[in-house]
Amino acid sequence: MSTKNEVLKLLVSKSNEYISGEMIAKKLDVSRAAVWKAIKALRADGYVIDAVTNRGYILGSENDIITPELISAHLKNDVEVICFSTIDSTNNEAKRLVSSGKTNRFLVTSDEQTNGRGRQGKSFYSPALTGVYLSLVLHPMKSLGSTVTITTAAAVAVCRAVEKLTDKKPQIKWVNDVYLDGKKICGILTEAVTDFETQTVTSVVIGVGMNIKTVNFPSDVENAASLGADVKRCELIAAIADELCKIADAPMAEFIDYYRTHSIILGEKINFIRDRKVTAATAVSIDENGGLTVRLENGELTTLTSGEISIRRI
């Protein structure tokens, strides 16, 4: 790791206190001149680093830039971090990297997406610097059927990360939209890369798009809002990635109760699409596999395992 990155990592670890140039030099076994050169380089990269005579250096509280070094400093898991200022879609880039032969666990983030993607072919509005847009790539090598729980797990991981870093209480709209105060703040898109000969999933791409401080949404984006919390994007990205790593291989039984208690739809009247027809029902329960059991208007119970639903407002 370069001296610049080592200095940044040290500043992040001491984010609430000053650390002298002499102490940095001693810890990294470099010269004071090398420390000053690293500080200058970091400032040139856009980091705000405050300096006070006889106290030393500290990262400015206004820093909210996304870099591999900042994200990695907060990560607890071994994940390679790849950052862009703008990209078509982090999921698209993740799949391109997998296709090029990348086999390690890695995370793709971007300040902006020009073609952010959601489920069912929908787009996800991703303006620069106001949200978190990331894709985590895992390599499970599991049978196709065993990955259906990852979407449910991803929604739980996102909510846990938000609750860990903020005082917000997010909820989940089946299957994988995260809501706050009745409005959507986050969408999740999971995509499997498969080996069709062996029918195994070689890689899973988990895409997360969350509005942090987006204010002006396009007219065709309905019922959207932002998290509105004082949280650094790099910390939230790291927290989401860590939660995803922790939960991805966990059995459904370990997180399905959390998913249920955070559901925004149980007991609500909903519409769902089946056989290209909009069908009215009431959401009754979520089963052990994450399926949504609904009661049709004729009293019949049926379980949904995929698709889109909407809450009917009275």
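Conventions and cut-offs
Residues numbered from 1 in each chain as written. Predicted model: local features only at pLDDT ≥ 70, side-chain atom pairs only at ≥ 80, totals over all residues. Heavy atoms only, no water. Helix = DSSP H or I, 4+ residues; strand = E, 2+ residues; numbered from the N terminus. Rg over C-alpha atoms; globule rule 2.2 N^0.38 Å. Buried < 20%, exposed > 50% of the residue type's maximum accessible area, 1.4 Å probe, protein only. Contact = heavy atoms within 4.5 Å. Areas by Shrake-Rupley, 256 points an atom, 1.4 Å probe, with all protein chains shown as cover. Lys, Arg positive; Asp, Glu negative; His and termini not counted. Charge placed at Lys NZ, Arg CZ, Asp CG, Glu CD. Core = buried A, V, L, I, M, F, W, Y, C linked by side-chain atoms within 4.5 Å.

1. As for the overall build of the chain
Argument step 1. Within the chain, the secondary structure is distributed over 8 helices and 15 strands.
Argument step 2. Against the globule reference of 20 Å for 314 residues, the chain gives a C-alpha radius of gyration of 22 Å, in line with a compact fold.
Argument step 3. When its C-alpha atoms are laid out on the principal axes, the chain stretches across 75 × 50 × 35 Å.
Argument step 4. By residue count, 48% of the 314 residues in the chain fall in the buried class.
Argument step 5. Sequence-distant contacts, at least 24 apart, represent 62% of the contacts inside the chain between residues at least 6 apart.
Argument step 6. Surface exposure of the chain reaches about 15600 Å², of which carbon and sulfur atoms provide 47%.
Argument step 7. Across the chain, 38 positive and 38 negative side-chain charges occur, with their mean positions spaced 2 Å apart.

2. Quick look at the environment of Ile65
Argument step 1. With respect to the helices and strands, the residue Ile65 is situated in the loop between strand E2 (56–59) and helix H4 (68–74).
Argument step 2. The exposure class of Ile65 is partly exposed, given its relative accessible area of 25%.
Argument step 3. Residues Ile65 and Asp50, spaced 15 residues apart in sequence, show a C-alpha to C-alpha distance of 16 Å.
Argument step 4. Those residues in contact with Ile65 that sit more than four places away from it in its chain are Asp45, Gly46, Tyr47, Leu70, Arg233 and Cys234.

3. Examining the nonpolar core
Argument step 1. Leu227, Leu236 and Leu292 are the most contacted members of the largest nonpolar core, which totals 86 residues.
Argument step 2. Setting aside chain neighbours within four positions, we find Leu236 in contact with Val132, Ala161, Val162, Leu165, Met210, Ile212, Leu227 and Val231.
Argument step 3. Membership of the second largest hydrophobic core comes to 8 residues, among which are Ala94, Val98, Phe106 and Val137.

Such coordinate-based values are descriptive only and should not be taken to indicate function.
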